[in-house]
Amino acid sequence: MKFFKKYNPTVVTLMLAGIFWLTYTLVVAGCYPNLLRIIEANCWVNDYVLQFFRWPYVGAAIMGGAFTALMLLGAFLLKLVGLKRWMPVTLIIACELAYNYSPDMELKWGHFKLFSEDLEGQEECSKYMLLAEAKDWTGLKLAIIKDDTRNTPIGMRYSLLAESALGTLSETLFTYNITSSEEFLYRGTSGLMENPINKAFYENLEVWDESFHQAQEYAMTQRDWCFISVKNMIDFSIKEAEWSVAEKLLCVLDEALFYHDFVKERRAIIAEGKKVKPMNDAPIRDKNFVSGYSFQNEMYCLYTTKVGNKDKAMEYLLCSILIKKKIEQFVKVFYDLGLYRKEKLPQPYLEAIEIYKSRGTALRDAQPGTYAYYFYNIIIPPVEIPYGSSKTTN
Amino acid sequence: MKYAHFCLLVGCIMFAACTERVPQEKTAAKPEIFPDYTEVTVPRTIAPLNFRVEGATHIQAIAKDCNSETYVKASGKEHVEFNLKDWHALLAQADSVCVSVAVWDEAHPEGIQYGDFKFYINNDEIDPWLMYRLIPPGYEGWNKMGIYQRNLSSFEQRTVVSNEENGRGCLNCHAVCQGNPDKFTFHSRGENGGTIIQCNGNMENVNLKAIGAQMQGSYNFWHPSGKYIAFANTNTHQTFMARSKDKIEAYDLWGSLFIYDVEKHDSYVDERFNDSTTLESFPAFSPDGKWLYFVSAKRVNMPKEYEILRYNILRLSFDESNGRLGENIDTIYNAEKRERSAIIPRISPNGRYLMYSTSPSGALTLYHNDSDLGMIDLETMTDVDCTCLNSEESESYHSWSSNGKWVLFSSKRIDGRFTRLYFTHWDGKTWTKPFMLPQEDPYDNTLLMMAYNVPDFILKPVQIDRSRVKKLLKRKEE
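Below is a summary of the structure that appears in this document.

Criteria and cut-off values
- Residues numbered from 1 in each chain as written.
- Chains lettered and ligands numbered in written order.
- Predicted model: local features only at pLDDT ≥ 70, side-chain atom pairs only at ≥ 80, totals over all residues.
- Heavy atoms only, no water.
- Pairing = 2+ DSSP bridges.
- Helix = DSSP H or I, 4+ residues; strand = E, 2+ residues; numbered from the N terminus.
- Axes fitted to C-alpha atoms, helices over the stretch in contact; angles between N-to-C directions.
- Salt bridge = Lys/Arg side-chain N within 4 Å of Asp/Glu carboxyl O.
- Buried < 20%, exposed > 50% of the residue type's maximum accessible area, 1.4 Å probe, protein only.
- Contact = heavy atoms within 4.5 Å.
- Buried area = accessible area lost by both parts, 1.4 Å probe.
- Nonpolar A, V, L, I, M, F, W, Y, C, P; charged D, E, K, R; others polar.
- Patch = residues over 30% accessible without salt bridge, like charges linked within 9 Å, V, L, I, M, F, W, Y side chains within 5 Å.
- Areas by Shrake-Rupley, 256 points an atom, 1.4 Å probe, with all protein chains shown as cover.
- Parallel < 35°, antiparallel > 145°, perpendicular 65-115°, else oblique.
- Left-handed = near helix turned anticlockwise from the far one by under 90°.

All names here are of chain B. Pairing in this open sheet of four strands is antiparallel, and the strands run E21-E22-E23-E24 from one edge to the other. The sheet is open, and its two edges are formed by strand E21 (278-285) and strand E24 (324-333), each paired on a single side. Put simply, the sheet's adjacent strands are angled 30° from each other on average, direction ignored. Sheet analysis places E21 next to strand E22 (residues 291-298), joined by six bridges and oriented antiparallel. Bridging across to E22, Ala-284 finds its partner in Tyr-293.

Below, the structure written as structure tokens:
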């Protein structure tokens with residue numbers, strides 16, 4: 001007992017708890033939500049520990065206590081076998097444990113700061129991801145301005161997404177250094193940075209199947225299934241009335257310690273949803289492939305097949321034509337299809353129309369060839385085109 | 001004294017916990033159990049059919065031989081687990097088993113005794129092991145994946161090879177020779193890729209692209225002699241649909257066939273199946289080794305015309321002496337006539353039946369909700385009804401047991417996305433109701449975030465040195 005009194009466990013616990021709380025504040029809450037993994041992970045300690053970061057104070061205290069106990073036990077055992085200089089050894093063991101079994105605590109964070117600029121970029125990316133996840137579009141725009149990342153590939157994509165969500169994309173489009181409509185998202189690529197923005201992009205467009213796809217890919221490209229992905233996948237399944245998938249994923253999430261409220265809430269939504277829509281009413285197959293065509297044509301397909309949010313798809317279509325500076329095509333889409341329903345036209349649209357007029361072409365001349373004509377006969381060539389796809393795992 | 005009181009208290013608690021409860025209600029209705037094992041037919045050696053009742057707080061089950069007094073009891077909170085030894089003792093003598101289930105739940109806090117359900121035991125033997133791949137379902141990416149083997153008499157699952165051995169790359173297209181895992185292949189993709197061929201204890205990493213036909217293998221099938229392996233050489237892509245029940249369309253941009261000679265380490269391509277007008281895939285030898293079955297489709301502009309891509313099942317003779325294919329091509333399944341695509345031909349061990357996966361179009365029907373199993377009687381060239389095997393969700397990847405009495409297949413019938421394994425008995429005339437691969441905790445079927453892929457029966461466990469696999473794949477990298 002003397003031994004334990006000499007090295008007051010409460011003080012050590014509090015010190016370690018402070019470290020863990022700081023970890024939460026600095027890293028986990030801000031930057032690495034993706035580390036909140038669930039079952040099937042490699043390391044059960046991480047699975048167990050990570051869940052406490054939903055309650056940082058409680059989690060920090062538990063973690064601090066656990067590591068103090070480990071350290072003191074180690075020290076006690078070393079003393080028993082007669083090692084005199086046990087304190088440095090146990091400290092090393094404790095630090096090693098803390099380093100390996102804490103979710104990127106500030107020891108690692110410091111390491112990142114010192115040795116890796118890329119990882120700093122990942123931190124920003126995770127911050128934007130969180131803000132997009134919370135649909136805090138104004139906050140997202142402000143964060144990007146504050147970080148001065150408005151013209152970086154990731155910053156611009158998130159910022160343009162926020163503009164679309166806020167309905168200001170067409171007004172502000174040319175305040176960005178966007179040179180291609182492919183820069184609205186990361187089409188055809190997977191990765192820690194790419195999948196969250198792709199997911200948020202299709203979620204904003206209300207294309208739920210592709211949002212689900214991107215959420216799952218996000219889980220796969222990082223360490224494993226994670227809470228954030230599973231929650232997303234549940235919500236997208238509910239949106240598409242894919243009840244059995246949502247129910248399965250809810251069962252999985254219910255196994256975690258701190259998601260019972262989420263599960264309960266979604267189960268109630270499913271019960272209500274089933275009354276209104278007993279099953280998914282989507283067609284069995286579709287010719288509307290995501291990433292199968294150029295961005296512009298994909299938006300056109302989404303618009304014409306009435307998949308997702310039509311207005312947003314049309315705004316992306318018009319913006320992507322304007323990025324290419326195809327004034328005639330723009331006017332054709334604008335007038336021939338009679339698509340744009342806003343009363344007050346955004347400035348870039350007005351300017352495009354003025355330029356068209358200034359070329360001496362009357363607006364009615366735009367009538368004969370519709371965008372649909374262009375789409376089917378010019379944009380889609382009658383030969384095989386390189387559809388964006390990757391090798392299957394089968 | 002205090003110690004004695006404590007012991008008494010613990011004893012009382014344990015006694016109370018072990019005491020059987022008596023349900024206060026009774027109904028003739030059958031319980032809703034998961035997985036559904038009611039009225040199924042199982043082999044005598046099957047692992048305990050543990051089941052679950054959703055929302056139960058307590059379950060008591062008695063599985064009893066319908067014709068004798070032998071029984072096995074189990075109880076649990078939401079599911080029941082039968083004792084393995086007692087279970088096998090019961091199944092060793094029973095022809096049918098009556099299961100009595102009592103459930104305590106929110107609706108029946110005092111318990112309800114349901115009407116007994118039955119399942120039947122069939123004397124036809126089933127191969128003792130299964131092999132399958134576990135991968136995240138659908139889409140492109142994965143983190144962990146592996147090829148596993150599972151003992152059908154217990155719940156033992158062993159890793160054959162996982163992607164820890166190839167740096168998290170893809171492992172696919174595993175195959176054994178007629179259920180004999182001494183002859184075993186699989187592909188490892190990615191930087192350290194290659195085709196691992198294990199033959200009678202000798203394992204090698206073969207670079208198929210560097211020899212003979214200079215083609216990279218994918219789907220493969222061993223000749224019964226173990227001397228040849230037929231490979232498909234496919235370039236598989238996938239595309240994603242914006243909104244539909246089918247989420248993915250997987251297709252080949254090219255597909256051809258070649259034969260690999262295991263002894264000579266050489267490969268041979270028949271130029272008839274190496275042109276740009278047709279796509280070939282899924283080769284399969286007949287059990288007597290005299291025929292090679294495969295699927296073939298007229299090439300179309302993919303994925304634009306994916307709805308008209310339909311695979312026929314064809315066959316041609318195979319000469320074991322020189323590994324060459326015969327001249328005449330027989331059409332076994334005419335996709336145009338039937339307006340459906342068929343893939344994965346698998347011939348029953350007696351050579352009489354051909355089982356396949358079918359859907360209105362496509363190269364990988366498992367991605368289609370309306371993928372079903374079908375079967376042709378090769379003697380009469382007529383269809384065999386497989387309706388009772390199919391569901392509204394996808395069925396595919398089927399395999400015959402070595403005696404041709406049991407069929408194993410994968411199905412997404414539970415949730416539409418995660419494939420699970422099912423078994424059915426075939427007596428030459430009828431199928432029995434399919435039953436799901438038993439798990440120790442039946443809830444694992446729900447919680448497992450992996451899909452079963454390419455399941456196959458094996459006669460004994462695969463013996464493979466995983467560290468050697470790792471070395472072989474590393475050496476190639478160097």
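Having seen the model, we can carry on.
The tally for this structure, following the rule as stated, stands at 34 salt bridges over all chains. Taking the shortest distance from any N to any O, the salt bridge between Arg285(A) and Asp246(B) comes out at 3.1 Å. Placement of Arg285(A) in the loop between helix H15 (260-276) and strand E1 (289-290) and of Asp246(B) in the loop between strand E18 (228-241) and strand E19 (248-261) is noted, with the two residues assigned to different chains. The residues Arg285(A) and Asp246(B) share a single accessibility class, namely buried. Glu54(B) serves as the salt-bridge partner of Arg52(B), at 3.5 Å between the closest nitrogen and oxygen. Connected via shared salt-bridge partners are Glu133(A), Lys135(A), Lys199(A) and Glu203(A).

Another point: the interface of chain A and chain B. Counting from both sides, the interface comprises 55 residues of chain A and, opposite them, 57 residues of chain B. Approximately 5100 Å² of surface area, both sides summed, lies buried where chain A meets chain B, with 50% of it carried by carbon and sulfur atoms. The interface formed by chain A and chain B includes seven salt bridges. Arg243(B) is the partner of Asp281(A) in a salt bridge, and the nearest nitrogen-oxygen pair spans 2.7 Å. Of all elements in the fold, only helix H12 (208-221), helix H14 (243-254) and E1 of chain A reach the threshold of two or more residues within the side of chain A that touches chain B. No other element matches H12(A), which puts seven residues into the side of chain A that touches chain B. Of the residues assigned to the side of chain A that touches chain B, the class counts are 24 nonpolar, 14 polar and 17 charged.

The subject of this paragraph is the sheet that holds strand E12 (residues 157-162) of chain B. All names here are of chain B. One open sheet holds the four strands; their spatial order is E12-E11-E10-E33, and the pairing between them is antiparallel. With partners counted over all chains shown, the strands left at the sheet margins are E12 and strand E33 (451-458), one partner each. Sheet twist, expressed as the average angle between the axes of neighbouring strands with direction ignored, equals 25°. One ladder, built from six bridges, connects strand E10 (residues 129-135) with E33; its direction is antiparallel. Within E33, the residue paired with Leu-134 across the bridge is Tyr-452.

Turning to the pairing of strand E15 (residues 194-199) of chain B, a few remarks are in order. All names here are of chain B. By the criterion of burial, E15 is predominantly enclosed, with six of the six residues buried. Residues Gly-194, Ile-196 and Gln-198 point to one face of E15 and Thr-195, Ile-197 and Cys-199 to the other, with burial holding for every one of them. Where strand E14 (residues 180-188) lies against E15, six bridges are found, and the strand directions are antiparallel. Along E15, the bridge assignment pairs Phe-186 with Ile-196. In sequence, E14 turns back onto E15 through a hairpin of five residues, with Gly-190 there showing a positive phi of about 95°.

What follows concerns the environment of Ser244(B). Here Ser244(B) shows up in the loop between E18 and E19. Judged by its relative accessible area of 0%, Ser244(B) falls in the buried class. Setting aside chain neighbours within four positions, we find Ser244(B) in contact with Asp209(A), Ala282(A), Pro283(A), Ile284(A), Arg285(A) and Asp286(A).

Taken together, the side chains of Leu73(A), Phe76(A), Leu77(A), Leu80(A) and Val81(A) present a nonpolar region at the surface, about 500 Å² in accessible area. Take Leu80(A): it is sitting in helix H4 (residues 56-80).

Residue and element names in this part refer to chain A. Two numbers describe how H14 lies on H15: the axes approach to 10 Å, and their chain directions differ by 165°. In terms of axis orientation, H14 runs roughly antiparallel to H15. Considering the relative orientation of H14 and H15, their crossing is left-handed. On H15, the residues touching Trp-243, Ala-246, Glu-247, Leu-250, Cys-251, Leu-253 and Asp-254 of H14 are His-260, Phe-262, Val-263, Arg-266, Arg-267, Ile-270, Gly-273 and Lys-274.

Residue and element names in this part refer to chain A. It is the contact of helix H16 (residues 295-304) with helix H17 (residues 310-323), at a shortest axis distance of 8 Å, that shows an interaxial angle of 150°. If you check the angle between H16 and H17, you find them roughly antiparallel. Once H16 is placed against H17, the crossing between them reads as left-handed. The segment H16 lies against H17, with Phe-295, Gln-296, Met-299, Tyr-300, Leu-302 and Tyr-303 engaging Lys-310, Ala-313, Met-314, Tyr-316, Leu-317, Ser-320 and Ile-321.

Now for unusual backbone geometry. Note the cis peptide between Phe34(B) and Pro35(B), where omega equals -5°. Residue placement: Pro35(B) occurs in the loop between strand E1 (25-26) and strand E2 (41-43). Of note in the backbone geometry, Ala241(A) takes a positive phi value of approximately 60° without being a glycine. Relative to the helices and strands, Ala241(A) resides in the loop between helix H13 (227-239) and H14. For Ala241(A), a relative accessible area of 4% translates into the label buried. The phi dihedral of Glu39(B) falls on the positive side, at around 60°, and the residue is not glycine.

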